[in-house]
Amino acid sequence: MNIVVLIKQVPDTWSERKLSDGDKTLDRASSDAVLDEINERAVEEALKIKEAGDAEVTILTAGPDRATDAIRKALSMGADKAVHVNDEAIHGSDAIATAKVLAKAIGTVGDVDLVLAGNEATDGRSGAMAGMLGELLGWPSLTHANELTVENGTAKAKRETDEGTSDLEASLPAVVSVGEKINEPRYPSFKGIMAAKKKPVTTLGIADLGLDASEVGLAGSLVQVDSFAPRPPKSGGQKVEDEGDGGAKIAEYLVGQKLI
Amino acid sequence: MMVGVTSRILDRADLDFLLHDWLRVGDLLDRAPFAEHDRETIDAVLDLAEQIATERFEPHNRAADLAEPHQGPDGKVVLVDGVQEAIRAFAEAGFIAASVPAEHGGTGLPFTVARAALAWFQAANIGTASYPFLTTAAVNLLLAHGTPEQIEAWVPGMLDGTTSGTMCLSEPQAGSSLADITTRAEPQDDGSYRVVGTKMWISGGEHELTDNIVHLVLAKIPGGPAGVKGISLIAVPRMLDDGTRNDVVLAGINHKMGYRGTVNTLLNFGERDGAVGWLVGAEHGGLAAMFHMMNEARVGVGMGATALGVTGYLHSLEYATTRTQGRAVGGRDVSTPMIPIARHADVRRMLLAQKSYAEAGMALGLYCSRLVDEKDTHPDDGSRAEAALLLDVLTPIAKSWPSQWCLAANDLAIQVLGGSGYTRDFPVEQFYRDNRLNPIHEGTHGIQAIDLLGRKAVMRGGAGLELLLTTIRRTIERAGEHPEYAAALEAALVRIEKTTATLHAAGDPDVTLANASVYLEAVGHVVAAWIWLEQLVAVGTRDDAFAAGKRSAARFFYRFELPRTGPWFDLLDSLDTTTLEWDPS
């Protein structure tokens, strides 16, 4: 089986995240960059499938030079090889333009059976990449999977919602996005870290993918950021004087917030 | 996962500075044993250590302190949840095998890098960290002295975390005085031994974390020489090959002030027919075998003390920058907002003192670790010998100085938090209690003092001490930008030379050793001042907040700390006999 796992290097959610004043895209220099946690779960799921049978796991990312760190981490967990789309022209791409790039890049990997991704990146939070890729590739997409089994050319997934659990099924090839509860990702190991250095990483530009600069980046994106403002500072909150009825007032507040 | 974000466990920026800008560990990577590694590997290993320490070790640190190990109704040792998962993650990642050579299944990292990585676990949860650390020590000992059969039987399980190791030295009547141990090992016809005796203070002596525990026991084979020359090393596994339990019984669990996550035991060997064991190394060569890696072990204790010092500093620093109280001097207008306590002068003093102790401890521990790499891998015979000699002299200081001053740092961390620091709602009081063990175990403060003054300062005609002073003077030569500090350090070196000669000319060993601890502390403070000057030279002209912090801490050490040594040297030079002449009755 040939599995491609999409990963994304994102600003650490624990650090301050900013947009740049110029082109209103992510200010990468202002924060630490890490492999998005949800991607580690996608990698873990691919490695479990690999360990249960015979599969090759390819990591795919689009990002600048420093995305190499995220690739190395995924490889040190146990993936076999990687494709890194690294082209300044991609800078500022919206979700659809990014999906075009990734769909083309998936095409360079060979006969892919399964594409695994996180259900939503912690920076863009569009949560749409798996669906868009399914559309562009002409494959079914099973999103928000909290359980996944792949056998006999079929992917079966469970998706939990507020209303209940949905059982999803699709024939391969397919795109699957995974949720937080699907697994507990493994740590890399020393041996994995050493081995990762020798694993092949193919770097591609958009010309290698048959794309023109006008199709990607800010120019090729339908979504543009017109303006942005920092989150307003926290307000002083609401003070409740306890006049013997403090407990009741707190309960009233929580009910008002639909917390109880 | 919070890798990359400022942690309260350790300061990654400081580790990177010490490893790369100062100690230049990259230069080691040209040597054959480390040729597989590069900066990328080192960064990834430190990232991994931080991640596992943060996610698997720190979360149960307080729980393990509150619910200390005890025996359940079935007699088995009960530990809090999370310990086993932490140790498994540690082993699976390869940390037990971090500096084990590749031919034995290890990763062959430079010892300096391994030590820096391991400090994350000591800072996050020293009680849990000690289990795999003991196992690593057992692996190193077996690889150095075990037979191929013993290595094959136990080392793979130790590396994958299914077997653990202990060090059984002390007995109820013999702690620091190992010459007086009475545990005996009777040789059997089949080549094995039967061990009978009681061992005290055995960390990790009994638990359910691993399938097997291999106890490395000091014992006397009957008929051997008296004293330490008659001590042999016997490996006694908890479980025998046939699946039966060996004759090793948990006689009791010690209830400790700190370090409570580590179960500490009293073990009886041979209550029935004698515990089955096998000789490791030569008959009567047990002490040398056990102490084969003593320098490394003692540097490791110093690093543990340092790790707790750093984490206490970082916790109190965060508290002091967020807790508001009072107003600036002269500001009496209560309608103005209160200021963070880090802006009050005395709180700043306590924070800067912690920084100056903790970062010196980290630098000293990593410097000594670099010496371990030099003595083991430098291509030149003379350089290897020189590194070994310098390490020998520095080891008692690298063990004792952080154990004393990073404990003092934890004391200050409590003080910074005030009443909150005295409660169990904040972790600084636990750091202090955990750290209080370090001046005691692996050779007490007093033993280290006797080692430095009685042995290391005079060994080989004083060549070791002379090498230390020469090495410090080389730093002074490179410190032209810091003439005030260089002059103060040179003056302190002259005092070391004079005082050492005076003490050894006393004509009475009792007088010489009566103030050995003061000597250790005085020389230790001078060494710490040297380590600060080394860091300043490495900082160079760097102009950012990190560099400014280093300059402030160095300045603090030279203004507030180094001058303390003057009265200490005065006392030593007077060959004081007050303690000798006191009658404790």
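Scope of this entry: the structure provided in the associated data block. (Residues numbered from 1 in each chain as written. Chains lettered and ligands numbered in written order. Predicted model: local features only at pLDDT ≥ 70, side-chain atom pairs only at ≥ 80, totals over all residues. Heavy atoms only, no water.)

**Quick word on the nonpolar core**
This is how the line gets drawn: In plain words, nonpolar cores are sets of buried Ala, Val, Leu, Ile, Met, Phe, Trp, Tyr and Cys residues tied together by side-chain atoms within 4.5 Å. Categorising residues by exposure relies on relative accessible area from a 1.4 Å probe, with only protein chains included: less than 20% of the type maximum marks a residue as buried, more than 50% marks it as exposed, and the intermediate range marks it as partly exposed. In this analysis, two residues are considered to be in contact whenever any of their non-hydrogen atoms come within 4.5 Å of each other.
Ranked by internal contacts, the top residues of the largest apolar core, which has 165 residues, are F95(B), F121(B), L216(B) and Y519(B). Ignoring anything within four residues of it in the chain, the contact list for L216(B) reads A138(B), L141(B), L142(B), T166(B), M167(B), C168(B), L233(B), I234(B), A235(B) and M290(B). In this structure, V5(A), L148(A), L172(A) and V176(A) belong to the second largest nonpolar core, which totals 35 residues.

**Overview of the environment of V217(B)**
All names here are of chain B. How we decide: Secondary structure elements are defined from DSSP: runs of H or I of at least 4 residues count as helices, runs of E of at least 2 residues count as strands, and each element is numbered from the N terminus.
Looking at the element boundaries, V217 is found in strand β6 (residues 212-220). Residue class for V217 comes out buried when judged on its relative accessible area of 0%. Spatially, the C-alpha atoms of V217 and F269 are 9.7 Å apart, while their sequence positions differ by 52 residues. Excluding anything up to four places from it in sequence, V217 contacts C168, T183, V195, K199, S232, L233, I234, V236 and F269.

**Observations regarding the sheet that holds strand β6 (residues 114-118) of chain A**
All names here are of chain A. Formally: Pairing between strands requires that DSSP locate at least two bridges from one strand to the other. Working convention: axes come from line fits to C-alpha atoms, limited for helices to the stretch in contact. Angles between N-to-C directions cover 0 to 180 degrees.
Taken together, seven strands build an open sheet; the order of strands is β7-β11-β6-β1-β4-β5-β12 and the sheet is parallel. Each end of this open sheet is capped by a strand with a single partner; those strands are β7 (141-145) and β12 (201-204). Taken over all neighbouring pairs, the strand axes of this sheet differ in orientation by 20° on average, direction set aside. Across the sheet, helix α1 (residues 37-52) lies against β1 (2-6), β4 (56-62), β6 and β11 (174-178), angled at about 150° from β6, the strand it touches most. In the packing of helix α2 (residues 67-77) onto the sheet, the strands contacted are β4, β5 (81-85) and β12, and the crossing angle to β5 comes to about 165°.

**A word on the packing of aromatic side chains**
The geometry of an aromatic ring pair is captured by the separation of the ring centres together with the interplanar angle, meaning the angle of the planes. All names here are of chain B. Worth spelling out the cut-off: Ring geometry is summarised as follows: Phe, Tyr and Trp rings, the Trp one being its six-membered ring, pair when their centres sit within 6.5 Å, and such pairs are stacked at plane angles under 30 degrees, edge-to-face over 60 and tilted between the two.
Summed over all chains, the structure comprises 18 aromatic pairs over all chains. With 6.0 Å between their ring centres and 55° between their planes, F57 and F90 make a pair best called tilted. Here the residue F57 occupies a position in helix α2 (residues 39-57), and F90 occupies one in helix α4 (residues 83-93), the gap between them amounting to 33 residues. Assigned by exposure class, F57 and F90 land together as buried. The interplanar angle of 55° and the centroid separation of 6.3 Å between the aromatic rings of W154 and W278 together place this pair among those described as tilted. On the criterion of sequence distance, the pair formed by W154 in helix α7 (residues 148-160) and W278 in strand β10 (residues 275-279) is long-range, its members being 124 residues apart.

**A word on the environment of A501(B)**
With respect to the secondary-structure elements, A501(B) resides in helix α15 (residues 483-504). Once the C-alpha coordinates of A501(B) and V458(B) are considered, the two residues, 43 residues apart in sequence, prove to be 9.5 Å apart.

**Here's the deal with the sheet that holds strand β10 (residues 164-171) of chain A**
Residues and elements named next belong to chain A. If you trace the three strands from one edge of the open sheet to the other, you get β8-β9-β10, paired in antiparallel fashion. With one partner strand each, in any of the chains shown, β8 (147-151) and β10 form the two edges of the open sheet. The mean angle between the axes of side-by-side strands here comes to 15°, regardless of whether they run parallel or antiparallel. Here strand β9 (residues 154-161) pairs with β10 via eight bridges, running antiparallel. Note on β10: the bridge partner recorded for T154 is S171.

**Considering the state of the cysteines**
Here is the rule we go by: Disulfides are defined as cysteine sulfur pairs within 2.5 Å.
Within the structure shown, the criterion is met by zero disulfides over all chains. Its sulfur unpaired, C368(B) is 13 Å from the next cysteine sulfur, which belongs to C406(B).

**A closer look at the interface of chain B and chain A**
Condition: Throughout, buried area stands for the accessible area (probe radius 1.4 Å) lost by two parts on being put together, summed over both. By salt bridge we mean one thing: a side-chain nitrogen of Lys or Arg within 4 Å of a carboxyl oxygen of Asp or Glu. In protein, a polar contact requires one atom able to donate a hydrogen and another able to accept it; more generally it is a pair of N or O atoms within 3.5 Å, and residues adjacent in sequence count only if both atoms are side-chain atoms. We call Asp, Glu, Lys and Arg charged. Ala, Val, Leu, Ile, Met, Phe, Trp, Tyr, Cys and Pro are nonpolar, and the rest, Gly among them, are polar.
With 26 residues of chain B in contact, the opposing surface of chain A contributes 18 residues. Roughly 1800 Å² is buried in total at the junction of chain B and chain A, and carbon and sulfur atoms are behind 59% of that figure. The tally of links from chain B across to chain A stands at three salt bridges. Between E40(B) and R72(A) there is a salt bridge, with its nearest N and O atoms 3.1 Å apart. Our enumeration of links across chain B and chain A arrives at seven residue pairs in polar contact (both at pLDDT 80 or more). Sorting the residues of the side of chain B that touches chain A by element identifies α2 and α4 of chain B as the ones contributing at least two each. Broken down by element, the side of chain B that touches chain A gets its largest block of residues, nine residues, from α2(B). Of the residues that constitute the side of chain B that touches chain A, the class distribution is 13 nonpolar, seven polar and six charged.

**A look at a nonpolar patch on the surface**
The criterion, for reference: For patch detection, residues must exceed 30% relative accessible area and be free of salt bridges, and they are connected within 9 Å for like charges or within 5 Å for nonpolar side chains (Val, Leu, Ile, Met, Phe, Trp, Tyr). Only the protein chains shown count as covering a residue, and every accessible area follows the Shrake-Rupley method with a 1.4 Å probe.
A cluster of nonpolar side chains, namely L19(A), V225(A) and F228(A), defines an oily patch on the protein surface of about 220 Å² accessible area. Locating L19(A) in the fold gives a position in the loop between β2 (9-11) and β3 (33-35).

**Here's the deal with the packing of helix α1 (residues 12-22) of chain B against helix α5 (residues 111-124) of chain B**
Residues and elements named next belong to chain B. The following threshold applies: Here the angle decides the label: under 35 degrees means roughly parallel, over 145 means roughly antiparallel, 65 to 115 means roughly perpendicular, and every other value means oblique.
At their nearest, the axes of α1 and α5 sit 11 Å apart, and the two run at 170° to each other. As the angle between them shows, α1 and α5 are arranged roughly antiparallel. Judged by residue contacts, R12, L15 and L19 of α1 engage T112, A116 and W120 from α5. In terms of residue class, the contact of α1 with α5 is made up of four nonpolar, one polar and one charged.

**Points about empty space enclosed by the protein**
Residue and element names in this part refer to chain B. This is how it is decided: Only protein atoms enter the 1 Å grid used here. Points where a 1.4 Å probe fits but cannot escape make up a cavity, open sets with protein on both sides within 12 Å along at least five of seven lines make up a pocket, and a residue lines them when an atom lies within 4 Å of a point. Grid points are joined across faces, edges and corners, and a volume is the space filled by probe spheres set on the points.
Evaluation of the coordinates by the stated rule reveals five cavities of 30 Å³ or more. Of the pockets and cavities examined, the largest cavity occupies roughly 80 Å³. In this structure, the largest cavity is lined by L10, D11, D14, L15, V310, Y313, L314, E359 and M362. The set of elements that each furnish at least two residues to the lining of the largest cavity consists of α1, α9 (294-322) and α10 (345-377). Tallied by class, the residues present in the lining of the largest cavity amount to six nonpolar, no polar and three charged. The wall of the second largest cavity is formed by I87, I96, Y131, P132, T135, G161, T163, S164, H207, L209 and T210. Residue assignment for the lining of the second largest cavity shows that the elements contributing at least two residues are α6 (126-145) and β3 (163-168).

**Some points on the packing of helix α11 (residues 381-417) of chain B against helix α17 (residues 516-539) of chain B**
Residues and elements named next belong to chain B. α17 packs onto α11 with a crossing angle of 90° between their chain directions and a minimal axis gap of 9 Å. What the angle tells us is that α11 and α17 run roughly perpendicular. Of the residues in α17, those touching α11 at L394, P396, I397, S400, W401, Q404 and W405 are L520, E521, V523, G524, H525, V527, A528 and W530. When its residues are assigned to classes, the contact of α11 with α17 shows 10 nonpolar, four polar and one charged.

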